[in-house]
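Tertiary structure, described
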Amino acid sequence: MSPMTSISTFDYAIIGGGTAGLTIAARLTENPAVTVAVLEAGLDRSDDVTVLAPGLATVMYGNPEYDWIYETVPQISANGQVIGMPRGKQLGGSSAINLLFWTHSSRKDIDNWGRLGNKDWSWDAILPYFERSEKYIAPSAGTARDLNTSYINSSLHGRSGAIGNGFPETHGEFDVAWPQTYANLDLGVDGDPRDGVALGGYTNLINVDPIGSKRSYAATAYYLPAKERPNLRVITNAMVSKILFSKEHAPTATGVEYSINGTNYTLMAKREVILSAGSIGSPQILELSGIGAKNILEPLGIKSVIDNPGVGENLQDHIYIPIGYEAMDGIFTFDSFRDPAVAGAAFERYISNGTGPLATGATSSALLSYAQILSSGEKRSIPKCMSRGLHGLNPGLREQYALILEDLLDPNECVAQELDVPSGMSPLLANDTTKLFVTSSPGNYFSLLGVLEHPFSRGSIHVSSPNVNIYPTIDPRYLSHEADVEILSKIALHLQTVATTAPLSQKLKGGGTVYQPGYYHLNETNVEDFVRKYVQSEFHPIGTCAMLPKAKGGVVDEKLSVYGVKGLRVVDASIFPILPRANLQTLVYAVAERAAEWILEDLEGR
Ligand SMILES: Cc1cc2nc3c(=O)[nH]c(=O)nc-3n(C[C@H](O)[C@H](O)[C@H](O)COP(=O)(O)OP(=O)(O)OC[C@H]3O[C@@H](n4cnc5c(N)ncnc54)[C@H](O)[C@@H]3O)c2cc1C
């Protein structure tokens, strides 16, 4: 907890000290006249090596000290699997446990947010906020050569923003092989994807500060520099259960109820409550506070404040298929850490000088259009099941599907992201994230992952109890739309082409044809069955408090204010109306930066 102050009522109360919450807190308190309280359920772990060492990220999954350890209900269209859903429970939220990919959405992705009815949302409008959150650090000449970083257009990258990012000075044989493999497939990156347009295979930036090779994230980059400000109070171990409303006229958010170790407290907010509890926590807290579908809340004894059936709906997530290959003898993968001596030596090396395998995360990425992943001679077309058209859908969903279909037909728009995990994986144990990124099979493995960027399936998150400690029901309905199965199958088949292409194939046994036990060769006949059995979450849930017109299922307006109440905004990944390409954190930071500016403008009456 940061130093106590005598203030008991604040101008702003922020629920959730995660990626978005800490960004807003830091920006608002730059104005010394503004008082801000942040209420975070987890603890401050910003000096914990498990958080800071890039190579230890997956160690946090399934550990309640760091992770909420949510899980989905059985996924009917995905072989009945329960999928584990880690979310960061600590200052920094999911930015403290994520896999450090620093990627950007496409220009069209954000323009689409505008086309869905959100005034003033476009790529051009969000650009300054990407820049504000980014501190790009150029690599050494050796790293630039090894990882082929010549695609970087440094004029596009922010140099003095909050989050340090660059290329790891420690890299392995797979990292070096990756860009050349895509170039050999004629899929080499055709620019810097930071421009929102470029596609192809490349070495990705990761948000690691080169000084000591430490994770740069919301707690270290936004919170720590602001920590001593007298106008900021961050309360950790504080579980928020409810937003309070005044009874006058239209309901106005006036404060929050929270508890610490079972003792209840109330905190008042004179100007606004800002809900930044993430895509699972934010709809849960809205519903617990009476904002949501009346027919869900009243049977649970929750008094309705605003009847809005959009809350908790429109859940979308990036899903992927992994395929495990056996690495050539002598090549390091994280499977080598099964030997405690190897793991111990790596830890010592990281602690003593910030180098070695724990100093880096995976860095390989490819952003590919539908045309680029189809097998040669195959023509791009809309999925078979979409040929009936979009009749009978509600207007909001019809518009979203029309945009996704456009992306499929556009040779310049990303449909798949391909990446790697330098170890074996156990996708059939996806309900237990302590087991997902390891394998019990002896040997060293390399996993290729193919992600579906714009899924059609839509799910929901709803409370099942008025008690905040009972987790909401999370049902993403993975693969419930047939089109997702069809497209993900094509992506899975493309991964096999990548694995058998040099120089990557030279690093894999049998030239990329020897599989980790449990995986097997895929073909047109067996791939759909494989996709339903092996599908995974990239842990990118969005959309559950969607920024959309209310008639289209919206929960917040284009300035992120909750419909029907005053003094309440939602600012986090839950407001994304439709999934962008690639990983989400750069967009969460940018949205939070933009929201902070609006909040300050409102204060100044501009
Ligand atoms: C395992 C994993 C890997 C990922 N990898 C990448 C990646 O490599 N690159 C990338 O760009 N993106 C990645 N992402 C996605 C990205 O990190 C998230 O989308 C982003 O951090 C979400 O930010 P947020 O502000 O919406 O939520 P969060 O950062 O999760 O913040 C929500 C905060 O609210 C708190 N909270 C919730 N409920 C309550 C309550 N009742 N009371 C008080 N506090 C509460 C939480 O503890 C948390 O701190 C990954 C995510 C995960 C989980």
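Everything numeric here is computed off the predicted structure, so don't read it as measured data.

1. Let's talk about the UniProt feature "domain: Glucose-methanol-choline oxidoreductase N-terminal" (unreviewed entry) in the protein
The UniProt record annotates "domain: Glucose-methanol-choline oxidoreductase N-terminal" (unreviewed entry) at residues 278-292. Between the first and last C-alpha atoms of residues 278-292 the distance is 16 Å; the span itself is 73% helix and 13% strand.

2. A few points about the side chain of Lys108
In this structure, Lys108 sits in helix H3 (residues 107-115). A polar atom in the side chain of Lys108 sits 2.5 Å from the side chain of Asp407. When residues no more than four places from it in sequence are discounted, the contact partners of Lys108 are Arg115, Leu403, Glu406, Asp407 and Glu413.

3. Description of the site of the ligand
As a matter of local geometry, the ligand sits amid 38 residues, with Thr19, Glu40, Ser94, Val240 and Gln585 nearest to it. Gly88 has a polar backbone atom sitting 3.4 Å from an oxygen atom of the ligand. Here Gln585 contributes a backbone N or O atom positioned 2.8 Å from an oxygen atom of the ligand. In the complex, 98% of the free accessible area of the ligand, which totals 1,000 Å², lies under the protein chains. Counting only elements with at least two residues in the shell around the ligand, the list comes to helix H1 (19-28), strand E13 (239-246), helix H8 (278-288) and helix H16 (585-603). Of the residues belonging to the shell around the ligand, the class tally is 18 nonpolar, 16 polar and four charged.

4. Quick look at the packing of aromatic side chains
Applying the stated criterion across every chain, the model contains 25 aromatic pairs. Ring centres of Trp121 and Trp598 lie 5.9 Å apart, and the angle between their planes is 80 degrees; this geometry places the pair in the edge-to-face category. Here the residue Trp121 occupies a position in the loop between H3 and helix H4 (123-132), and Trp598 occupies one in helix H16, the gap between them amounting to 477 residues. Taken as a pair, Trp121 and Trp598 share a single burial class, namely buried. Seen in terms of ring centroids, Tyr222 and Tyr589 are 5.7 Å apart; in terms of plane orientation they differ by 20 degrees. Their pairing is stacked. Here the residue Tyr222 occupies a position in helix H7 (residues 218-226), and Tyr589 occupies one in helix H16, the gap between them amounting to 367 residues. Note on accessibility: Tyr222 and Tyr589 belong to one class, buried. Three or more aromatic residues link up through ring pairs in this structure, and these residues are Trp113, Trp121, Phe576 and Trp598. Positioned over the ring face of Trp121 is Arg594, at 4.6 Å from the centre of the ring.

5. What about unusual backbone geometry?
With an omega of 5 degrees, the peptide bond running from Ala502 to Pro503 counts as cis. If you trace the backbone, Pro503 turns up in the loop between helix H14 (482-499) and helix H15 (527-534). The backbone phi angle of Asn314 is positive, close to 65 degrees, even though this residue is not glycine. Mapped onto the elements of the fold, Asn314 is located in the loop between strand E17 (306-307) and strand E18 (319-326). Looking at Asn314, the relative accessible area reads 12%, which means it is buried. With a phi close to 65 degrees, Ala582 is a non-glycine residue in the positive phi region. Tracing the backbone shows Ala582 in the loop between strand E25 (568-570) and H16.

6. Examining the pattern of salt bridges
Within the structure shown, the criterion is met by 23 salt bridges. One salt bridge in this structure joins Lys119 and Asp120, with 3.8 Å as the shortest N-O distance. Residue classification places Lys119 among the exposed residues on the basis of a relative accessible area of 57%. Of the charged contacts in the structure, one is a salt bridge between Asp432 and Lys435, with a shortest N-O distance of 3.1 Å. Owing to a relative accessible area of 23%, Asp432 belongs among the partly exposed residues under this scheme. Given the relative accessible area of 41%, Lys435 is considered partly exposed.

7. What to know about the confidence of the model for the protein
For the protein, the mean per-residue pLDDT works out to 95, and 99% of the residues sit at or above 70. Across residues 1-7, where pLDDT falls below 50, the model places 17 contacts with residues more than four positions away in sequence or in other chains.

8. A few points about the pairing of strand E15 (residues 263-275)
Consecutive side chains along a regular strand alternate between the two faces of the sheet. Pairing geometry for strand E1 (residues 9-15) and E15, over six bridges, is parallel. Residue Ala13 lies in a different strand from E15, and its bridge partner there is Val273. Linkage of strand E14 (residues 252-260) to E15, two consecutive antiparallel strands, is achieved through a turn of two residues, within which Asn261 is found at a positive phi near 50 degrees. Sheet analysis places E15 next to E25, joined by three bridges and oriented parallel. Residue pairing in the sheet places Val273 in a bridge with Leu568 of E25.

9. Some thoughts on the pairing of strand E21 (residues 445-452)
Buried residues dominate E21, accounting for eight of its eight residues. Of the strand pairs in this sheet, E18 and E21 are connected by eight bridges, and their pairing is antiparallel. In the sheet register, Ile319 faces E21, and the bridge partner there is Leu452. Where strand E20 (residues 414-421) and E21 come together, six bridges link them in antiparallel fashion. Counterpart to Leu419 in the pairing with E21 is Leu449.

10. Quick notes on the packing of H1 against H16
At their nearest, the axes of H1 and H16 sit 8 Å apart, and the two run at 35 degrees to each other. For H1 against H16, the interelement crossing comes out right-handed. Contact residues: H1 offers Thr19, Ala20, Thr23, Ile24, Arg27 and Leu28, while H16 offers Val588, Tyr589, Ala592, Glu593, Ala596, Ile599 and Leu600. Class assignment for the residues of the contact of H1 with H16 results in nine nonpolar, two polar and two charged.

Quick notes on the rules
Within each chain, residue numbers correspond to sequence positions counted from 1 in written order. Totals for whole chains, interfaces and linings use every residue, but because this is a predicted model, local features are given only for residues with pLDDT of at least 70 and side-chain atom pairs only at 80 or more, for both listing and counting. Note that the side-chain values use all heavy atoms of the structure and ignore hydrogens as well as water. UniProt positions are given in the numbering used here, feature names are shortened, and annotations may be inferred rather than shown by experiment. Put simply, DSSP marks the helices as runs of H or I at least four residues long and the strands as runs of E at least two long, and each gets a number from the N terminus on. Any pair of nitrogen or oxygen atoms within 3.5 Å is treated as a polar contact; in protein, a donor-acceptor pairing is required on top of that, and neighbouring residues in sequence qualify only through side-chain atoms on both sides. We call two residues in contact when some of their heavy atoms are within 4.5 Å. We call a residue near a molecule or strand when any one of its heavy atoms sits within 4 Å of it. Method for areas: the Shrake-Rupley scheme with a 1.4 Å probe, in which residue coverage is limited to the protein chains shown. Amino acids are sorted into nonpolar (Ala, Val, Leu, Ile, Met, Phe, Trp, Tyr, Cys and Pro), charged (Asp, Glu, Lys and Arg) and polar (every other residue, Gly among them). Here is the rule: rings of Phe, Tyr and Trp (six-membered ring for Trp) pair when centre to centre is within 6.5 Å. Planes less than 30 degrees apart are stacked, more than 60 are edge-to-face, and the remainder are tilted. Categorising residues by exposure relies on relative accessible area from a 1.4 Å probe, with only protein chains included: less than 20% of the type maximum marks a residue as buried, more than 50% marks it as exposed, and the intermediate range marks it as partly exposed. Two limits define a charge over a ring: the Lys NZ or Arg CZ must be within 6 Å of the ring centre, and within 35 degrees of the ring normal. Definition used for salt bridges: Asp or Glu carboxyl oxygen within 4 Å of a side-chain nitrogen of Lys or Arg. Confidence of the prediction at every residue is given by pLDDT, a number between 0 and 100. A strand pair is defined by DSSP finding two or more bridges across the two strands. Axis angles are defined between N-to-C directions and span 0 to 180 degrees, where every axis is a line fitted to C-alpha atoms and, for a helix, only to the segment in contact. If you view the pair so one helix is near and one far, a crossing is left-handed when the near helix is turned anticlockwise from the far one by less than a right angle, and right-handed when it is turned clockwise.

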